[in-house]
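A look at the structure
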Amino acid sequence: MKPTRSNYPFWLIGIVAFCYICVRTFTVAITYDECWTLFGYARTPVWDIVSYSSPAANNHILNSLLTKFCIQFSESEFAIRLPNLLASILYFYAAYRISLLYFKSQWQQLGLFTTLIGNFTLLTFFGLCRGYGLAIALMLFSVYQLISYSQTNRKRQLHLSLLTIVLSMYANFSMMPALLALMLTATFISWHHSGRLLNAVKLPLLYSLAIAVISAYPIYRMVSMGEAYFGGEKGFIQDTVYSVLQGYFGSWAIFERPDITSYIVLALIIAGCVLTYRSLKVNITNNIRYGIPVTILLVAVLIINLQFYLLGVKLPVGRTGLYLFPLLMLSLFTLFSNWKSKYQKAFVALCLGFGILSIFNVVKEANFTSTRDWWDSTYTKPAIQYIVAHLPKEENAPIHVMAMFGTDNSMNYYAERLAPPGRIAPIAKLFDADTVNYDYAFIRKDYRWPADSSFKIVQAYQDSTYLLFSKK
């Protein structure tokens, strides 16, 4: 995509969003789960990663493999987050190309593009060493290629679509419903093009078998060890839809009533689905592209609920349901693109309105220091910096530092990088080491404080929410 006068706004928004993510890769303290990826997977042999030797859901295989490659050059925060940062470029590109496929009006194109990008939770994960941003970028690119295939009937685009959705699931197993939904949608489109079901099934089946071969054993290991514990149990609307929307809107007071907001948005999506399928009945060849995101969304939702009610698989919540956001927005925008032309001005305004709302939500929630899912890690780096600055000059036995649960991994990471070798002993969780004679403790103020009265507070962070204790 070369910069021209017509796409300057897209470049501007994309560059600003990318710069925001890029800065955060340097400024946000490394999180507990990122360190887990580094310590538990990226530093282990490739076979241990792909075979789930340590069967924890935290091993997002493709992300772990890319992280392993990056740490051959550096283990800095930026280096291990680089794969997801680069994935944001793929996501932005797919969002731009999809907006051109759905709308002729540049204002509507800009509205869709900005809405797909303008999710502060998604931008957060593009700046972290986790599999979510990587998986969602690959998924949206897969959707773009499938939409293009529906218009051109070029097999190369079908191959790209199927390959990238397979890689998407390999980056994060929570993408399974999206993968199955896209495979079924791709089969239908191929069937429509060729008129022969057997031929249409071949490629989707081949790629499905490929991901099954490389993922079945890791998933079995994860489930058998009880690692599939993260998720919701209340219901799809209360858990999944609400958390996905909250990840977009943020902490507005309106979200104290998820039953209202979730059902309103769901009603709009359903209206978009109905209108889309009506247009398919009129002219399926010309309008098939409008049905793709809607079909993928509906089939994915069906699979999610079947898994929950029949197999007991927990519902996606928060980051595990984040991939539904672009599908929800694309389905909503099909409502704007399919409406009668006499209402065109109103729907141009709605597209722009969503784009402006998206920018507002991001600006409202943006920061360069923390991430909501791992907030406790925010001040681990300055805490270690203080400890390193006050190390005893005599190189005797290493000092002992204790940290509360959820911060020990991050503290160990910074101790490795900032302290002289051997000066700080491996950092344990406070409740695991009550009998150890330790020198510092990093604790949230509502956590269990050190029992030893000889400790004093030497540093306080975030209005004394987080405290660093030292022996007097």
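The paragraphs below set out a description of the structure included in this document.

1. What to know about the overall build of the chain
- Secondary structure assignment for the chain yields 18 helices and five strands.
- For 472 residues, the compact-globule estimate of 2.2 N^0.38 gives 23 Å, and the C-alpha radius of gyration of the chain, at 24 Å, lies within 12% of that figure.
- With the C-alpha coordinates of the chain rotated into their principal frame, the extents come out at 80 × 45 × 45 Å.
- Burial statistics for the chain: of 472 residues in total, 55% are counted as buried.

2. Considering the state of the cysteines
- Applying the stated criterion across every chain yields a total of zero disulfides.
- No disulfide involves C70; its sulfur sits 8.3 Å from that of C129, the nearest cysteine.

3. Focus: the sheet that holds strand 4 (residues 455-461)
- In spatial order, the strands read 2-1-3-5-4; together these five strands make up an open sheet with mixed pairing. The sheet terminates laterally at strand 2 (428-429) and strand 4, the two strands that pair on one side only.
- Packed on one face of the sheet, helix 18 (residues 408-418) meets strand 1 (401-403), strand 2 and strand 3 (440-444) and runs near 145° to strand 1.

4. With respect to helix 4 (residues 61-70)
- In terms of residue burial, helix 4 counts as a mostly covered element, since seven of its 10 residues are buried.
- If you check which residues of helix 4 are buried, you get I61, L62, N63, S64, T67, K68 and C70.

5. Some points on the pairing of strand 4
- Sheet topology note: the strand 4/strand 5 (residues 466-471) ladder contains six bridges and is antiparallel. Bridge pairing in strand 5 places I457 opposite F469.
- The turn linking strand 4 back onto strand 5 is made up of four residues, and Q462 within it adopts a positive phi angle of 50°.

6. A word on the nonpolar core
- With 102 residues, the main nonpolar core has Y91, I98, L146 and F336 as its most contacted residues.
- With near-sequence residues (within four places) excluded, F336 lies in contact with F103, Q108, F347, L350, C351 and F354.

7. Remarks on the pattern of salt bridges
- Taken as a whole and judged by the stated rule, the model has 11 salt bridges.
- For E77, the salt bridge is made with K381, and the minimal N-O distance between the two is 3.9 Å. Here E77 is found in helix 5 (residues 77-102), whereas its partner K381 is found in helix 17 (residues 380-389), with 304 residues between them in sequence.
- E233 serves as the salt-bridge partner of K314, at 3.6 Å between the closest nitrogen and oxygen.

8. Remarks on a nonpolar patch on the surface
- Side chains of L302, L306, Y309, L310, L311 and V313 sit close together on the surface and give an oily, nonpolar patch of about 670 Å² of accessible area.
- Positionally, L311 belongs in helix 14 (residues 284-311).

9. Re the packing of helix 8 (residues 131-152) against helix 10 (residues 176-194)
- Relative orientation of the contacting elements helix 8 and helix 10 amounts to 10°, with a least axis distance of 10 Å. In terms of orientation, helix 8 and helix 10 fall into the roughly parallel class. Every residue of helix 10 that contacts helix 8 at M139, S142, V143, L146, Y149 and S150 is listed here: A178, L182, T185, A186, I189, S190 and H193.
- Of the residues in the contact of helix 8 with helix 10, the class split is eight nonpolar, five polar and no charged.

10. Topic: helix 11 (residues 197-224)
- Of all the bends in helix 11, the largest measures some 45° and sits at S215, one to four residues before the proline P218.
- Those residues of helix 11 that fall on the buried side of the exposure criterion are A200, L203, P204, Y207, I211, S215, P218, I219 and M222.
- Where helix 11 is buried, its residues contact helix 3 (46-50), helix 4, helix 9 (155-171) and helix 10.
- A positive phi of about 70° marks G226, the residue just after helix 11.

11. Things to note about the packing of aromatic side chains
- Going through the model one piece at a time under the given rule, you end up with 28 aromatic pairs.
- Between Y248 and F249, the ring centres sit 4.8 Å apart and the planes meet at 70°, which makes this aromatic pair edge-to-face.
- For Y248, a relative accessible area of 1% puts it in the buried group.
- For F249, a relative accessible area of 15% puts it in the buried group.
- Between F442 and Y461, the aromatic rings sit 6.3 Å apart at their centres with planes inclined by 55°, giving tilted as the arrangement. In this pair, F442 sits in strand 3 while Y461 sits in strand 4, placing the two residues 19 residues apart along the sequence.
- Note that R319 overlies the ring of F230, its terminal NZ or CZ placed 4.7 Å from the centroid.

12. Quick look at the pairing of strand 3
- Burial within strand 3 is extensive, with four of its five residues counted as buried.
- Here strand 1 runs beside strand 3; their pairing, made up of three bridges, is parallel. Residue M402 lies in a different strand from strand 3, and its bridge partner there is A441.
- In this sheet, strand 5 lies alongside strand 3 in antiparallel orientation, the contact comprising five bridges. Of the residues in strand 5, the one forming a bridge with R444 is Y466.

13. Brief notes about unusual backbone geometry
- A positive phi angle is found at N153, which is not glycine, with a value near 60°.
- Inspection of the secondary structure assignment puts N153 in the loop between helix 8 and helix 9.
- Judged by its relative accessible area of 38%, N153 falls in the partly exposed class.
- Of note in the backbone geometry, Q462 takes a positive phi value of approximately 50° without being a glycine.
- Relative to the elements of secondary structure, Q462 occurs in the loop between strand 4 and strand 5.

14. Some details on the side chain of N63
- Position of N63 among the secondary structure elements: in helix 4.
- If we skip the residues at most four places from it in the chain, N63 touches T37, N84, C129, R130, G131 and L134.

Rules of the game
- Residues numbered from 1 in each chain as written.
- Predicted model: local features only at pLDDT ≥ 70, side-chain atom pairs only at ≥ 80, totals over all residues.
- Heavy atoms only, no water.
- Helix = DSSP H or I, 4+ residues; strand = E, 2+ residues; numbered from the N terminus.
- Rg over C-alpha atoms; globule rule 2.2 N^0.38 Å.
- Buried < 20%, exposed > 50% of the residue type's maximum accessible area, 1.4 Å probe, protein only.
- Disulfide = S-S within 2.5 Å.
- Pairing = 2+ DSSP bridges.
- Contact = heavy atoms within 4.5 Å.
- Axes fitted to C-alpha atoms, helices over the stretch in contact; angles between N-to-C directions.
- Core = buried A, V, L, I, M, F, W, Y, C linked by side-chain atoms within 4.5 Å.
- Salt bridge = Lys/Arg side-chain N within 4 Å of Asp/Glu carboxyl O.
- Patch = residues over 30% accessible without salt bridge, like charges linked within 9 Å, V, L, I, M, F, W, Y side chains within 5 Å.
- Areas by Shrake-Rupley, 256 points an atom, 1.4 Å probe, with all protein chains shown as cover.
- Parallel < 35°, antiparallel > 145°, perpendicular 65-115°, else oblique.
- Nonpolar A, V, L, I, M, F, W, Y, C, P; charged D, E, K, R; others polar.
- Bend = angle between axes of the 7 residues up to and from the residue.
- Phe/Tyr/Trp six-rings, centres within 6.5 Å; stacked < 30°, edge-to-face > 60°.
- Lys NZ or Arg CZ within 6 Å of the ring centre and 35° of its normal.

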